[in-house]
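# Fold and geometry: a report
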Amino acid sequence: MKAAVHTTYGPPEVVRIAEVEKPAIKDDEVLVKVHAATVNRTDCGFRAGKPFIVRLFAGLIRPRATILGGEFAGVVEAVGDDVTSFKAGDRVFGFSEGSFGAHAEYLSMPGDGPLAIMPANVTFEQAAPSTEGSHYARSFITAAKIQGGQDVLVYGATGAIGAAAVQLLKSLGATVTAVCSTDNVELVTGLGADRVIDYTAGDFTKDDHAYDVVLDAVGKSSFSRCRRLLKPRGIYLSSDLGPLSQNPVLALITPLFTGKKVMFPIPGKHDQQEVRNFKGLIESGAFKPVIDRTYPLGQIVEAYKYVETGQKIGNVVISVEPSN
Ligand SMILES: NC(=O)c1ccc[n+]([C@@H]2O[C@H](COP(=O)([O-])OP(=O)(O)OC[C@H]3O[C@@H](n4cnc5c(N)ncnc54)[C@H](OP(=O)(O)O)[C@@H]3O)[C@@H](O)[C@H]2O)c1
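Residues numbered from 1 in each chain as written. Predicted model: local features only at pLDDT ≥ 70, side-chain atom pairs only at ≥ 80, totals over all residues. Heavy atoms only, no water.

## A look at the overall build of the chain
Let me state the cut-off plainly: Each helix is a run of H or I in the DSSP string that is no shorter than four residues. Each strand is a run of E no shorter than two, and both are numbered from the N terminus. Here the globule rule reads 2.2 Å times residues to the power 0.38, and the radius of gyration is calculated from C-alpha atoms. Burial status follows relative accessibility: with a 1.4 Å probe on protein chains alone, a residue under 20% of its type maximum counts as buried, one over 50% as exposed, and anything between as partly exposed. Whether two residues are in contact is decided by their heavy atoms: any pair within 4.5 Å suffices. Positive charges come from Lys and Arg alone, negative charges from Asp and Glu alone, with His and the N- and C-terminal ends not counted. Throughout, a charge is located at the NZ atom of Lys, the CZ atom of Arg, the CG atom of Asp or the CD atom of Glu.
Within the chain, the regular secondary structure consists of ten helices and 15 strands. A globule of 324 residues ought to have a C-alpha radius of gyration of about 20 Å, and the chain, at 20 Å, matches this closely. Principal-axis analysis of the C-alpha atoms places the extent of the chain at approximately 60 × 45 × 40 Å. Evaluated residue by residue, the chain yields a buried proportion of 54% over its 324 residues. Within the chain, counting contacts between residues at least 6 apart in sequence, those at least 24 apart form 67% of the total. Counting 33 positive and 35 negative side-chain charges, the chain places the centres of these two groups 6 Å from one another.

## Side note on the packing of aromatic side chains
Keep this limit in mind: To pair, rings of Phe, Tyr and Trp, with the six-membered ring standing in for Trp, must have centres within 6.5 Å; the planes then decide the type, stacked if under 30 degrees apart, edge-to-face if over 60, and tilted in the middle.
All chains considered together, the criterion is met by six aromatic pairs. Taking 6.4 Å as the distance between ring centres and 20° as the angle between the ring planes, the aromatic pair formed by Tyr 136 and Phe 140 counts as stacked. Highlighted residues: Tyr 136 and Phe 140, both in helix α4 (residues 133–143), separated by four residues, approximately one helical turn. For the pair Tyr 136 and Phe 140, a shared accessibility class is recorded, and that class is buried. Pairing Tyr 155 with Phe 204 gives two aromatic rings, centres 4.5 Å apart and planes at 20°, and the pair type is stacked. With Tyr 155 in strand β8 (residues 151–155) and Phe 204 in the loop between β10 (195–198) and β11 (211–216), the pair connects residues that are 49 residues apart, well separated along the chain. Exposure remark for Tyr 155: the relative accessible area of 9% places this residue in the buried category. Of the residues examined, Phe 204 reaches a relative accessible area of 3% and is grouped as buried. Clustering of aromatic rings is evident, with ring pairs tying together Tyr 155, Tyr 199 and Phe 204.

## Details of unusual backbone geometry
Geometrically, the link from Lys 50 to Pro 51 is a cis peptide bond, its omega value of -5° lying close to zero. In this structure, Pro 51 sits in the loop between α1 (41–48) and α2 (55–58). Its identity as a non-glycine residue notwithstanding, Ser 245 has a phi of 55°, on the positive side. Within the secondary structure, Ser 245 is located in the loop between β12 (230–238) and α8 (247–253).

## Things to note about a negative patch on the surface
Under the convention used in this document: Here, patches come from residues exposed beyond 30% relative accessible area and free of salt bridges, joined within 9 Å for like charges and within 5 Å for nonpolar side chains (Val, Leu, Ile, Met, Phe, Trp, Tyr). The accessible surface values rely on the Shrake-Rupley method and a 1.4 Å probe; as for residues, cover is taken only from the protein chains in view. Any carboxyl oxygen of Asp or Glu that lies within 4 Å of a side-chain nitrogen of Lys or Arg is treated as forming a salt bridge with it.
The grouping of Asp 27, Asp 28, Asp 81, Asp 82 and Asp 112 at the surface amounts to a negative patch. For Asp 81, the location among the structural elements is in the loop between β4 (71–79) and β5 (91–95). Owing to a relative accessible area of 70%, Asp 81 belongs among the exposed residues under this scheme.

## Section: the site of the ligand
Our working definition: Nearness here has a simple test: a residue counts as near a molecule or strand if at least one of its heavy atoms is within 4 Å of that partner. Polar contacts here mean pairs of N or O atoms no more than 3.5 Å apart (in protein, one a potential hydrogen donor and the other a potential acceptor; neighbouring residues in sequence count only if both atoms are side-chain atoms). Residue classes follow a fixed rule: Ala, Val, Leu, Ile, Met, Phe, Trp, Tyr, Cys and Pro count as nonpolar, while Asp, Glu, Lys and Arg count as charged, and any other residue, Gly among them, counts as polar.
Taken together, the neighbourhood of the ligand is formed by 22 residues, with Arg 41, Tyr 155, Tyr 199, Asp 240 and Lys 312 sitting nearest. Within the side chain of Thr 158, a nitrogen or oxygen atom sits 2.7 Å from an oxygen atom of the ligand. Its free accessible area being 920 Å², the ligand has 86% of it covered by the protein chains. For the shell around the ligand, a count of residues per class yields nine nonpolar, nine polar and four charged.

## Some thoughts on the sheet that holds β10
Inclusion rule: Two strands are said to pair when DSSP picks up at least two bridges between them. Only the contacting stretch of a helix is used when fitting its axis, a line to C-alpha atoms as for every element, and angles between N-to-C directions run 0 to 180 degrees.
Spatially, the six strands line up as an open sheet ordered β10-β9-β8-β11-β12-β13, and their pairing is parallel. The open sheet terminates on both sides in strands that have one partner only, identified here as β10 and β13 (261–263). When the angles between neighbouring strand axes are averaged without regard to direction, this sheet yields 20°. Pairing of β8 with strand β9 (residues 175–180), which is carried by five bridges, proceeds in the parallel orientation. From the neighbouring strand, Val 154 faces β9, where its bridge partner is Ala 178.

Next comes the structure, spelled out in structure tokens:
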């Protein structure tokens, strides 16, 4: 089968399309013919081996996972003897956690792992980008115990995480203020944001509204800049280490005091129930992953380059055309 392979850490060009062996499945696994996957920020970090801390998980000297790609959508080709919840021909989507492998024509997944039957109303390309940004957004919302009626500001509302966060927060009944650039105001309004602040038109931290939670979904703000936006016991939550890698430290220190605090939640593991929940949200129209560009597998290097501009809107999809 064809796969996008990298055997050393480095820039997008370390990835090449190669012929590799189709995965063999164990009794408790399913073989998925991949139709679509994504290139996301996690793939970029694991390919580059940066920041260095990534190598504690990815391999100190060279990458353990030589085929990246977490998110996928495709068709079950075969199931192991012990798998009862899926059968050949099922259209599925999900997330290959830790072992990756979706940047290829075939992928093996544990039958009880994070995958589910695809929502009825979407294509493979629309289903693939539904399980990473949304998983992080859901993890952050859960960690901060955000509830309906709370006021939340989402900074970076047009990334994969931010765009999912706006929609998931709205489905919870929170009031959402989204921060993005001029070109994306209409998009973010369409995602359901109650208010939109254009960060190119002025300093969003001068907003005189007070928030229960400020969620920085792109890691470009800081607690010190945003603290005046928070209510007295408000939470500043970030998806990233922060400009000076300060967020993990602040997340340890600030809860020792009463008042405003920082959270830097480590997202929990994906599981099958969560993927089923996303299926339900997609089918009900509460969640629709935003797709920016779609590249064929053969142009995955270009896809990596684009994701690394830091300017993608939502998700970048890889269309995989399996050869029989
Ligand atoms: N915690 C984790 O485990 C984890 C996992 C994956 C990714 N991440 C991190 O999460 C962050 C978001 O990743 P993502 O894939 O959702 O999105 P992304 O691709 O990093 O974000 C792109 C979006 O950010 C907006 N943006 C760029 N610069 C901005 C700025 N200075 N201020 C406000 N918005 C800006 C852009 O829209 P506009 O043009 O409208 O500004 C663009 O739509 C990344 O920093 C990534 O490293 C964390």
